[in-house]
Amino acid sequence: MISIRYDCDKDALLVLVAPSGPACHTGSYSCFSEEGVKRQSEEQDRFAILNELEQVIAKRQAEMPEGAYTTYLFEKGVDKILKKVGEEASEVIIAAKNRDQEELKWETADLLYHLLVLLREQQLPLDDVLKVLKKRHQGE
């Protein structure tokens, strides 16, 4: 559990949790997915894809579908995931050094994906990382 809050007249609770897999009876990661609640606009949440990807990775870890690359990474374990994070970070560096923006965006996407897999393997929600960034930005 992450937190519990109540509303202004204390007649409702909001419980925030980090599920270990799909939490909805439909098999989806959340009952509050795009099907249940539409996002106001893609422009308002330009990082929505990170949330979606984090959900897909969590679902893959919970279900371990055969043939999925994410399943392969979780089956091989933290050493393989760390190796991939290192490889992708090196490829980002090389692309930047070569000033190849096309390669840089692809390699950065690969690095972000592998970092999200690592965070999931370590049971560290992306939200916790974002909170650190926010605190640093606010000078705390």
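Residues numbered from 1 in each chain as written. Predicted model: local features only at pLDDT ≥ 70, side-chain atom pairs only at ≥ 80, totals over all residues. Heavy atoms only, no water.

1. Details of the pattern of salt bridges
Oppositely charged side chains can form a pair if their charged atoms are brought close together.
Inference 1: With the rule as written, the count across this model stands at three salt bridges.
Inference 2: Where Lys-105 meets Glu-102, a salt bridge forms, and the shortest distance between an N and an O atom there is 3.2 Å. Linking Lys-105 with Glu-102, this pair stays in helix H4 (residues 101–121), spanning three residues, or about one helical turn.
Inference 3: The structure contains a network of salt bridges with shared partners spanning Lys-84, Glu-87 and Glu-88. (Salt bridge = Lys/Arg side-chain N within 4 Å of Asp/Glu carboxyl O. Helix = DSSP H or I, 4+ residues; strand = E, 2+ residues; numbered from the N terminus.)

2. Regarding the pairing of strand S1 (residues 3–6)
Inference 1: Direction of pairing for S1 relative to strand S2 (residues 13–16): antiparallel, over a ladder of four bridges. Across the sheet, Ser-3 pairs through a bridge with Leu-16, a residue of S2.
Inference 2: Remark: six residues form the turn of the hairpin made by S1 and S2, two consecutive strands paired antiparallel; Lys-10 in that turn has positive phi of roughly 55°. (Pairing = 2+ DSSP bridges.)

3. Thoughts on the packing of helix H1 (residues 48–63) against helix H2 (residues 69–76)
Inference 1: At their nearest, the axes of H1 and H2 sit 9 Å apart, and the two run at 60° to each other. Viewed along their axes, H1 and H2 adopt a mutual orientation that is oblique. Read as a crossing pair, H1 and H2 show a hand that is right-handed. In this structure, H1 uses Ile-57, Arg-60 and Gln-61 to contact H2, whose residues at the interface are Thr-70, Thr-71 and Phe-74.
Inference 2: Split into classes, the residues belonging to the contact of H1 with H2 amount to two nonpolar, three polar and one charged. (Axes fitted to C-alpha atoms, helices over the stretch in contact; angles between N-to-C directions. Parallel < 35°, antiparallel > 145°, perpendicular 65-115°, else oblique. Left-handed = near helix turned anticlockwise from the far one by under 90°. Contact = heavy atoms within 4.5 Å. Nonpolar A, V, L, I, M, F, W, Y, C, P; charged D, E, K, R; others polar.)

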